[in-house]
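Coordinate inspection notes
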Amino acid sequence: MTAEIYRAIVDGILIGGVYALMAVGLTLIFGVLDIINIAQGVLVILGAYLSYELAARLHLDLFLGLLVTVPAMFIIGVVIYWAFIRRLRGRERTAMTLLVTYAVALIIEGLLYLWWGPNFKQLNASYVNSSVHLLGFYLPYVYLYGFVLALALVAALYALLYRTKFGRSVRATMQDETAARLIGIDVNRVAAVTFGVGVAVTAAGGMMYGATSGGFNPNSGYDLISRLLAIIILGGMGSIGGALVASIFMLTVESLVDIWSPNWAIIVFYAALVIVLLIRPTGFFGRQPVRAQ
Amino acid sequence: MTAVKLYKPGAILVVAVVAIAFPFVFSGPVDTNYGVYALIFVTAVSAWNLFSGFSGYISLGQAVFFGSGAYTVAITAHDWHVTGTAVFALLPLAAVAGGAIAVPFGLIALRVRRHTFIVITIAVFFIFQLMATNFSFTGGTIGIAAPFLPWQSATFNNPFYFIALGCAAATIALAWLIRRSRFGLQLRAIKDDEDRARGLGVRTMWVKLAALTLSGTITALIGGVWFLYITQVLPQSGFDPLFDLAIVLMAFLGGIGTIWGPVIGALLVEPGRLYLTTKYTNGYLGEILLGALLLAVVLFLPRGIVPTGGEWIRKLRTRGRPAITPSAPAAEETASVGGNR
């Protein structure tokens, strides 16, 4: 039993890293643009399918394939922003942006169905199926690689936000859009690039999801987006560190409950969200960490 | 002026006559099926609008009530061995269940606003869908079938048509009453500026909760009707994410916060959706088209048919003489009110 619990905690932390990759993009987009990108879930799946195609047709390694899929997803993100989101203004903007991204999600999901069909796919590589014996556990290599990749990408995003000129203009836009515009920041460009970056990291998240989830199809996006939303609210909307902590926390809790009853594990996910919000409506980290500093 | 005053009741009378005559003119089961679905959605969208449209709290968890109503009728009929037309006596129970679920739902979700509120409604929705899948008394993934109704298949749809019509008419009337009442004004004050409304003495939490409960009660009732009509409920069909989305789309297309907007939106979209699902059975193309329609509505008709249409009519009427132009911030509000006067 004790071994099972340790195992569940290690699993939770490692898979939490994968979820952090997807959640970070969502929370970044929220922090800068003040919109919730419902399409994030299906974009993760799109990223997984892109990796799948590269691996199946060109026999490209999954991690090397990211060099192609990440820029591709960046472009897709920028296009979505320019075509649909840029024009939305005014009182109903919250609801409007939500509907637009929901609509984009529906369209992408439909296209994925048309292209790849409803059958479940999985990403395969040598390191997906082989394990390493570490601290008494057998861990698939891909979990370890993925966790390292997740940490590296989150760190890179942090560096981008806090150590570059672009990051400074992003944070200025987050603090006060009008003031940022006044001092000469091209707010539209910042927003477009942020949306692109937020979508681009899902390519990595999607690849990891495709390799670790045991199968995905176009419909998997719904399950994903609801979990991601729970994570970013729990972490505090707009907080990158919060997203990382909340992903690991949620996935560990889920993985612990999974020992007892797999069917109820997902409910605990949402129940934890509701309970935490009852106590602390701003989530673990509020909206401050990204905005401060 | 009398002509204008008579115009509105006259229009309502015409709509009522058309609605009642519909199943007699188009009496085939295929046609009445369209009618039943359209009216179920008129009711559901109007109920959504009672809370979300008036208060500005966009809920994407309305299927919680719809599915709960369906499951309430299903479970009680199954466990108490209710058969035949007696099942219709269970519908009030569905309504009560909807209201009972709305209270704790609201107490949790209404503590937060805007995005967080929307996401909480989505989370609650998924909790309910998972509960329906995992509990044994809901029949799990197999769901529950409705008792057999001993009606002829040619006219099977007609009683449902009139029940749904009754629900729709009552909901529209209720929306009209609320919009004119103090309660409706309080809701709209919350939509405009919740903190200021509270400062002016509106008990915002109570008002929001009352509206959500009312909306949940009606939605659960029509969910029960839907279950008896379709004769089966599954976790995916009772708690359907596309249901939430479709409702919001219909409300936005018609114009949220108005009385007739949701009605027009539902009447336009639901038959089209039904047609697409019967024509393209795989559903993918229908999904893409629904998404594209949603995009088009938000980008090109962001305020909906009723407010925009009302503005055009006013422009036509005031052509040639100086219209009274309200100051800029009030313009939007006047326009949306003007649409359904």
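Residues numbered from 1 in each chain as written. Chains lettered and ligands numbered in written order. Predicted model: local features only at pLDDT ≥ 70, side-chain atom pairs only at ≥ 80, totals over all residues.

**Re the overall build of chain B**
- The number of helices and strands found in chain B is 15 helices and two strands.
- A globule of 341 residues ought to have a C-alpha radius of gyration of about 20 Å, and chain B, at 20 Å, matches this closely.
- Projecting the C-alpha coordinates of chain B onto the three principal axes gives extents of approximately 65 × 50 × 35 Å.
- Split into buried and exposed, the 341 residues of chain B put 48% on the buried side.
- A fraction of 80% describes how many contacts in chain B between residues 6 or more apart in sequence connect residues 24 or more apart. (Helix = DSSP H or I, 4+ residues; strand = E, 2+ residues; numbered from the N terminus. Rg over C-alpha atoms; globule rule 2.2 N^0.38 Å. Buried ≥ 20, exposed ≤ 12 C-beta atoms within 10 Å, placed from the backbone. Contact = placed C-beta atoms within 7 Å.)

**Here we look at the domain arrangement of chain B**
All names here are of chain B.
- When the domains of chain B are assigned, the result is domain 1 (26-266) and domain 2 (305-341).
- Each of domain 1 and domain 2 has a C-alpha centre, and these two points are 32 Å apart.
- Broken down by secondary-structure element, the contributors of at least two residues to the side of domain 1 that touches domain 2 are helix H11 (241-254) and helix H12 (260-279).
- Of the residues in the side of domain 1 that touches domain 2, the class split is four nonpolar, five polar and no charged. (Domains from an automatic or database assignment. Nonpolar A, V, L, I, M, F, W, Y, C, P; charged D, E, K, R; others polar.)

**Digging into the interface of chain A and chain B**
- Listed per partner, the contact involves 37 residues of chain A and 34 residues of chain B.
- Every element with two or more residues in the side of chain A that touches chain B is listed here: helix H4 (93-116), helix H10 (220-235) and helix H12 (262-279) of chain A.
- Take the side of chain A that touches chain B: its biggest share by element is 15 residues, from H4 of chain A.
- The residue makeup of the side of chain A that touches chain B, split by class, is 29 nonpolar, four polar and four charged.

**A few points about H12 of chain A**
- Taking 1.5 Å of rise per residue, the 18 residues of H12 of chain A would be expected to cover 26 Å, and the 27 Å separating its terminal C-alpha atoms lies within 8% of that figure.
- Its maximal kink placed at Val-268 of chain A, H12 of chain A deviates by approximately 25°.
- Those residues of H12 of chain A that are buried lie in contact with H10 and helix H11 (240-260) of chain A together with helix H5 (114-134) of chain B. (Expected span 1.5 Å × (residues − 1). Bend = angle between axes of the 7 residues up to and from the residue.)

**So, the packing of helix H3 (residues 62-85) of chain A against helix H9 (residues 187-212) of chain A**
Residues and elements named next belong to chain A.
- Between H3 and H9, the least distance of the axes is 7 Å, while the angle of their chain directions is 140°. Taken together, H3 and H9 sit at an angle that is classed as oblique. The two elements H3 and H9 cross, and the hand of that crossing is right-handed.
- For the contact of H3 with H9, a count of residues per class yields 20 nonpolar, five polar and no charged. (Axes fitted to C-alpha atoms, helices over the stretch in contact; angles between N-to-C directions. Parallel < 35°, antiparallel > 145°, perpendicular 65-115°, else oblique. Left-handed = near helix turned anticlockwise from the far one by under 90°.)

**Structural notes on unusual backbone geometry**
- For Thr-231 of chain B, which is not glycine, the phi torsion reads 65° and is therefore positive.
- Tracing the chain through its elements places Thr-231 of chain B in the loop between helix H9 (204-230) and strand E2 (232-233).

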